[in-house]
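Per-entry structural report
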Amino acid sequence: MAGRNHLYVPGPTNIPTEIMNAMNVDMEDHRSPIFPNLVKPLLQDLKKIFRTETGQAFIFPATGTAGWEIALTNMLNPGDKVLIYRFGQFGHLWMQMAKRLGLDVECHEIEWGKGIPVDDLEARLKADTDHQIKAVLATHNETATGVTSDIAGTRKAMDAAKHPALLFVDGVSSIASIDFRMDEWGIDAAISGSQKGFMLPAGGAFLAFSQKALKAAETATFPRCFLDLQDHITTNKDGYTPYTPSTPILHGLRKSLDILLAEGMENVYARHHRLAEGTRRAIAAWGLKLCAHPGFESDTVSAVVVPADKDARDVISTAFNKYNISLGGGLSEVAGKVFRIGHMGNMNDVSMLGAIAGVEMALLDNGIDITPGAGVAAAIEYYRSTAL
Ligand SMILES: Cc1ncc(COP(=O)(O)O)c(C=O)c1O
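For the structure given in this document, a descriptive report is provided here. (Residues numbered from 1 in each chain as written. Predicted model: local features only at pLDDT ≥ 70, side-chain atom pairs only at ≥ 80, totals over all residues. Heavy atoms only, no water.)

**Thoughts on the sheet that holds strand S3 (residues 81–86)**
We count it as follows: When DSSP finds at least two bridges between two strands, those strands are taken to pair. In this text, helices come from DSSP runs of H or I with a minimum length of four residues, and strands from runs of E with a minimum of two, each type numbered from the N-terminal end. Comment: axis = line fitted to C-alpha atoms, over the contacting stretch for helices; angle = value between 0 and 180 degrees taken between N-to-C directions. Any pair of residues with heavy atoms lying within 4.5 Å of one another is described as a contacting pair.
Read across the sheet, 7 strands follow the order S2-S10-S9-S8-S5-S3-S4 without closing on themselves; strand pairing throughout is mixed. Where the open sheet ends on each side, the last strands, each with one partner, are strand S2 (56–60) and strand S4 (104–109). Geometrically, the sheet is characterised by an average inter-axis angle of 20° between neighbouring strands, direction not taken into account. Examined bridge by bridge, S3 and strand S5 (residues 133–139) share 4 bridges and lie parallel to one another. Each bridged residue has a counterpart across the sheet, and for Leu-83 the counterpart in S5 is Val-136. Its contacts with the sheet place helix H6 (residues 151–160) against S5 and strand S8 (166–170), and it is angled at close to 165° to S8. The sheet contacts of helix H8 (residues 229–236) involve S2 and strand S10 (205–209), and relative to S2 the element is tilted by about 105°.

**A look at the nonpolar core**
What counts here: Among buried residues, those of type Ala, Val, Leu, Ile, Met, Phe, Trp, Tyr and Cys that are joined through side-chain atoms within 4.5 Å constitute a nonpolar core. For the exposure calls, accessible area comes from a 1.4 Å probe over protein chains only, and a residue counts as buried if that area is under 20% of its type's maximum, exposed if over 50%, partly exposed in between.
Counting residues in hydrophobic clusters, the biggest one holds 51 residues, and the most contacted among them are Leu-46, Phe-50, Ile-187, Phe-198, Phe-206 and Leu-253. Looking at which element gives the most residues to this core, the answer is helix H2 (residues 36–50), with 7 residues. Setting aside residues up to four positions removed in sequence, Phe-198 forms contacts with Ile-19, Leu-46, Ile-49, Ile-175, Ala-176, Ser-192, Gly-193, Phe-206, Leu-253, Ser-256, Leu-257 and Leu-260. In terms of nonpolar packing, the next biggest core, distinct from the first, is built from 35 residues, Val-105, Ala-135, Phe-168 and Ala-217 among them.

**A word on the packing of aromatic side chains**
For clarity, the cut-off: Stacked, tilted and edge-to-face pairs are distinguished by plane angle, under 30 degrees for stacked and over 60 for edge-to-face with tilted covering the rest, among Phe, Tyr and Trp rings (Trp via its six-membered ring) whose centres lie within 6.5 Å.
Throughout the structure, instances matching the rule amount to 6 aromatic pairs. Ring geometry for Trp-68 and Trp-94: centres 6.0 Å apart, planes at 15°, overall stacked. Of the two residues, Trp-68 sits in helix H3 (residues 64–75) while Trp-94 sits in helix H4 (residues 89–101), which places them 26 residues apart along the sequence. The exposure class assigned to Trp-68 is buried, which follows from its relative accessible area of 5%. Consider the rings of Phe-180 and Trp-185, whose centres lie 6.1 Å apart with planes at 65°: the pair is edge-to-face. Per residue, the accessibility class of Phe-180 equals that of Trp-185, and both read buried.

**Re the sheet that holds strand S15 (residues 338–342)**
Strand pairing within a sheet occurs via backbone hydrogen bonds; the two strands may be parallel or antiparallel. Pairing in this open sheet of 4 strands is antiparallel, and the strands run S11-S12-S15-S14 from one edge to the other. Strands at the two margins of the open sheet, each flanked by one partner only, are strand S11 (289–290) and strand S14 (328–329). Against the sheet, helix H10 (residues 265–285) touches S11, strand S12 (301–305) and S15, its axis set at about 5° to S12.

**Some details on the environment of Arg-31**
Formally: Two N or O atoms count as a polar contact when they lie within 3.5 Å, although within protein this holds only if one can serve as hydrogen donor and the other as acceptor, and sequence-adjacent residues are included solely when both atoms are side-chain atoms.
Note on placement: Arg-31 falls in the loop between helix H1 (17–23) and H2. Sequence separation of Arg-31 and Thr-244 is 213 residues, and the distance between their C-alpha atoms is 9.1 Å. Separated by 3.2 Å, the side chain of Arg-31 and the backbone oxygen of Thr-241 make a polar contact.

Printed below as a string of structure tokens:
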């Protein structure tokens, strides 16, 4: 097919040309005396994205899934109790991982489309008077349903219950895109990956841990090797890594951090919000609903519910085969019910209008009763009237 594929899956996201070029480097000696000049500032500047001054940042040659495992195995002990709410595929997978590792998982089902119920959390933590729960696992942005949870509220609930559990936050599809404040929200483990807000290929797990979490890591008894934090602490101190790093990812990260920090994190969040809002206006103009309930709408991904007699997989397939645009599918419990439009990373008004126009054609082709042009018109109106 002539022309390019248009990528609107909620990760991997589109990579800016400057980042592509920055990654196109000769291989180099990662034990050389000048290598720390690359690594040390990366670890410092990553902290600015996580918004932490007191925490410590880490880079693993891995993905977000490894990030979950790094937090669980470095800070907890086999048999420890963890609390999680399950309201989407990624929370589900994290919960399953915790079980497979031998943690005692207290999991509460929440309707897919909602997020962490902070009042319920407070009540449960208050009831846990002997502090059996060692960690709360919170998915900040559930990519499967396009739901953003209230992490400030989660921390408030934990404080109100005077509960000492660690707060682990999956920020894979929020960090570097949606407001995230590690220190202010008292987050102990912040987990992210390279292929979403950081606009890099997959292959980098970016993490930050609080001093409280690092203290817990000193005595945690889970067996671990490749994902052991201590090996990173020892080598990172001098600007090195415990094993061969992916140097292109590191050079790409340098450029990504430069781009994000030059824009300013508040501006990055505002840009994502505006692009998401235009997409939401289009969805409303089609007469369709988000999977996310009001108040939980994500600024990085919209999961759109198709009418009950239609299959979202057909919309995705038409979009790809006929119009060469890639949308995200519904996962697990929402398979066939939703398609997802990513509005994360290197996007602007016109890239979103491309997504909206392509989706609109695919919806019409599949006999979904929308007014031709309605979504595009609503988004155009919003983007024009709010353009900077
Ligand atoms: C919220 C969330 N957590 C975790 C993951 C898993 O990350 P990875 O696929 O990089 O292992 C994803 C991937 O999309 C995600 O969206």
